[in-house]
Amino acid sequence: MEVSCERKLSEHEEHLTRLWLIIGDFNVVLDMNDRSNGSKVHESETRDFRRFLEICGMIELQTTSRYFTWINNHIYSKIDRALATTQWMNLMPPLRVYVMDPYFSDRTPVSIEIDKVSYTRKKLLRFLNCLADHLGFEQVVKNS
């Protein structure tokens, strides 16, 4: 008996609200343009994966360099992806996704580069000496 994607995901619902970044071979195309020189992409091929992304609140991250990630003779497909939840995108530093060259395989490695976050230090307290000369200054400090 096959268990539906929705049912499997509902068992882990508490985890779906967390920060997720998933990179890998999903072995499925998502859009009509994700296959070239092969059979036409039909909606039925993409339905389950689209539903998975919708349920999990995930979006596909834009890649740089190569578009297709798998080559078989003359057929090119995009089946490797980087996905993130909207929570990840809102809270984590920006990143870039690279599809690299397939030197020894029909697969192309996918890697990410996360931008360095430069944390600005909070400004130090600046004390103006003239405040100490103000009438009532000592009382305000004592009451604080």
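Residues numbered from 1 in each chain as written. Predicted model: local features only at pLDDT ≥ 70, side-chain atom pairs only at ≥ 80, totals over all residues. Heavy atoms only, no water.

Overall, the predicted model of the protein reaches an average pLDDT of 81, with 83% of residues at or above 70. Mean pLDDT across the elements of the protein bottoms out in helix α1 (residues 5-10) (62) and peaks in strand β2 (residues 35-36) (92). (pLDDT = per-residue confidence, 0-100. Helix = DSSP H or I, 4+ residues; strand = E, 2+ residues; numbered from the N terminus.)

Take the nonpolar core next. Counting residues in each nonpolar core, the largest one holds eight residues, listed as V28, L30, F49, F52, L53, C56, M58 and L83. Looking at which element gives the most residues to this core, the answer is helix α2 (residues 43-56), with four residues. When near neighbours in sequence (up to four residues on either side) are disregarded, L30 contacts T46, F49, R50, L53, E60 and R81. In terms of nonpolar packing, the next biggest core, distinct from the first, is built from six residues, A84, W88, L95 and V97 among them. (Core = buried A, V, L, I, M, F, W, Y, C linked by side-chain atoms within 4.5 Å. Buried < 20%, exposed > 50% of the residue type's maximum accessible area, 1.4 Å probe, protein only. Contact = heavy atoms within 4.5 Å.)

Strand order in the open sheet made by the three strands is β4-β8-β9, with mixed pairing throughout. At either end of the open sheet lies a strand with only one pairing partner, and these are β4 (63-65) and β9 (110-114). Geometrically, the sheet is characterised by an average inter-axis angle of 35° between neighbouring strands, direction not taken into account. Here five bridges tie strand β8 (residues 95-99) to β9, and the two strands are oriented antiparallel to one another. (Pairing = 2+ DSSP bridges. Axes fitted to C-alpha atoms, helices over the stretch in contact; angles between N-to-C directions.)

One non-glycine residue, N27, lies in positive phi territory at about 55°. By the element assignment, N27 lies in the loop between β1 (21-25) and β2. The exposed category is assigned to N27, whose relative accessible area is 58%. Unlike most non-glycine residues, N73 shows phi in positive territory, near 55°. With respect to the helices and strands, the residue N73 is situated in the loop between β5 (70-72) and β6 (75-77).

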